[in-house]
Amino acid sequence: MTKRFLATASFALLSSAALHATDIGATFETPCPFGDCAANISLTYLGEFVIPTGHRENGVEFGGISGLDFDAATGHYIAISDDRSETGPARFYELAVDVDGAGLKGIAVVKQVTLKDRSGKPFARRTVDPESIRLGRDGIYWGSEGDGKALIAPFVRVTSQDGVFMREFKLPEGFAPTADKSTGIRDNLAFEDLAIAPSGDVFVGVEAALYQDGPAASLMGASLSRIIRYDGTTGEPKAQYVYPISPIPQAAQKADGSNDNGMSEIIALDNHRLLTVERSYAQGVGNNVKIFMIDLDGATDVSAIASLSKTDQRVVPVRKSQVLDLRASGLIPDNIESMAIGKAKDGSDVLILGSDNNFSTSQKTQFYVFEILRRP
């Protein structure tokens, strides 16, 4: 997308802001999550920007944005597409975000980078499902969800700035997909989330429970997902924690309509507190998106527990407190799957959310930006 087009689209959006219940400058306070006032967080809404489905960059359709992170060296953002090398090669983008205290003005695509497999070639069709991306100390960390139907395991890899494979993290036992669905990831509900703590530890979140741990979320029940904690230097797993995904918040309009809820992104605030995104969908209703703060301190390391549904061991999940409900605040979110903390042009800290349009004409690539007034 050219910078000229982006500026025009931004003007059209901002000029229609009065249509939304949430005005630029609206502030959302979460005073004391978990009763801990040191965890206070406060956000001010700075606006929405939309890139329509069908836009092309370098001859390749732009979309599928499922991960986002800030690069302090350039002042830009990296954004990964979940294209399975179908509409184009598996890839990530460099984005310039024009935002300051007055609001979100535009987003420009600066560069497109093709991800390479272990042999140094672009990934073959449907051999990878990129879903998350973070900038680490020694390269770009990114995750693939795998493919439960094709029995392709999820992974976390480190790549160079130009997309060349460097190393891969160790997959813990019990996560690889199985043909009989007795253990492992569910198809399309796997490695969706990635965060890097200041210590260098890497967190990987699973969108829904592993088969051996219980069901996916339903209208009546939660889903016991796992968060893996890795040593970022060695790529070895250090611990696993239980994250209880909330029940689906709304039913589909028709009795046989589809609905779901899952953890679609995480980001580290410090070495034990993270923000998570839970993104639900109900057919005929749309998406509902909630942001939570979680605290890992005191949570049980369940890496030695093969099945959460069959263990007799007492398990303490992560503590969890809601920070923001986008629909309740007056926004109309699409399929939010990415989250980054970055800098605005005026130097203030911002939280950016982005949506995966699934390359569908009924969806859109949508960005929300909030100024962070206070955080742990």
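Residues numbered from 1 in each chain as written. Predicted model: local features only at pLDDT ≥ 70, side-chain atom pairs only at ≥ 80, totals over all residues. Heavy atoms only, no water.

## Looking at the overall build of the chain
- Helices and strands together make up the secondary structure of the chain, namely 1 helix and 23 strands.
- Principal-axis analysis of the C-alpha atoms places the extent of the chain at approximately 55 × 50 × 45 Å.
- When burial is assessed residue by residue, the chain has 58% of its 376 residues classed as buried.
- Across the chain, contacts joining residues at least 24 apart in sequence account for 59% of those joining residues at least 6 apart.
- When the accessible area of the chain is evaluated, it comes to approximately 14,800 Å², of which 52% is carbon and sulfur surface.
- Looking at charge distribution, the chain has the averaged site of its 37 positive side-chain charges lying 2 Å from that of its 48 negative ones. (Helix = DSSP H or I, 4+ residues; strand = E, 2+ residues; numbered from the N terminus. Buried < 20%, exposed > 50% of the residue type's maximum accessible area, 1.4 Å probe, protein only. Contact = heavy atoms within 4.5 Å. Areas by Shrake-Rupley, 256 points an atom, 1.4 Å probe, with all protein chains shown as cover. Lys, Arg positive; Asp, Glu negative; His and termini not counted. Charge placed at Lys NZ, Arg CZ, Asp CG, Glu CD.)

## Remarks on the pairing of strand S21 (residues 336-343)
- Taking burial as the measure, the 8 residues of S21 include 7 buried ones, the bulk of the element.
- Pairing geometry for S21 and strand S22 (residues 349-355), over 7 bridges, is antiparallel. Directly across from Ile336, in S22, lies its bridge partner Ser355. (Pairing = 2+ DSSP bridges.)

## Structural notes on the sheet that holds strand S8 (residues 103-114)
- On the basis of which strands lie adjacent, the open sheet formed by 4 strands has the order S5-S6-S7-S8 and antiparallel pairing. The open sheet is flanked by strand S5 (65-71) and S8, the only strands paired with a single partner. For this sheet, the mean inter-axis angle between neighbouring strands, taken without regard to orientation, is 25 degrees.
- The sheet contact formed by S5 and strand S6 (residues 76-81) spans 6 bridges and is antiparallel. (Axes fitted to C-alpha atoms, helices over the stretch in contact; angles between N-to-C directions.)

## With respect to the sheet that holds strand S18 (residues 273-282)
- Across the sheet, 4 strands lie side by side as S17-S18-S19-S20; this open sheet has antiparallel pairing. Of all strands in the sheet, those with a lone pairing partner are strand S17 (259-268) and strand S20 (319-325), marking the two edges. This sheet shows a mean twist of 30 degrees between the axes of neighbouring strands, independent of strand direction.
- Pairing of S17 with S18, which is carried by 9 bridges, proceeds in the antiparallel orientation. In the strand pairing of S18, Ala268 is matched with Leu274.

## Observations concerning the side chain of Glu145
- Note on placement: Glu145 falls in the loop between strand S10 (140-144) and strand S11 (155-159).
- Although Glu145 is buried, it makes no salt bridge; Arg84 carries the closest opposite charge, 5.0 Å away.
- A distance of 3.2 Å separates the side chain of Glu145 from the backbone nitrogen of Leu189, its partner in a polar contact.
- Each residue touching Glu145, except ones within four places of it in the same chain, is listed here: Asp129, Glu131, Pro154, Ile185, Asn188, Leu189, Ala190, Phe191, Glu192 and Glu207. (Salt bridge = Lys/Arg side-chain N within 4 Å of Asp/Glu carboxyl O. Polar contact = N/O pair within 3.5 Å; in protein donor to acceptor, adjacent residues only side chain to side chain.)

## Let's talk about the UniProt feature "domain: Phytase-like" (unreviewed entry) in the chain
- Look at the UniProt record and you will see "domain: Phytase-like" (unreviewed entry) annotated at residues 61-359.
- Helix makes up 0% of residues 61-359 and strand 45%, and the two end C-alpha atoms of the span are 8 Å apart. (UniProt positions renumbered as here; feature names shortened; annotations may be inferred.)

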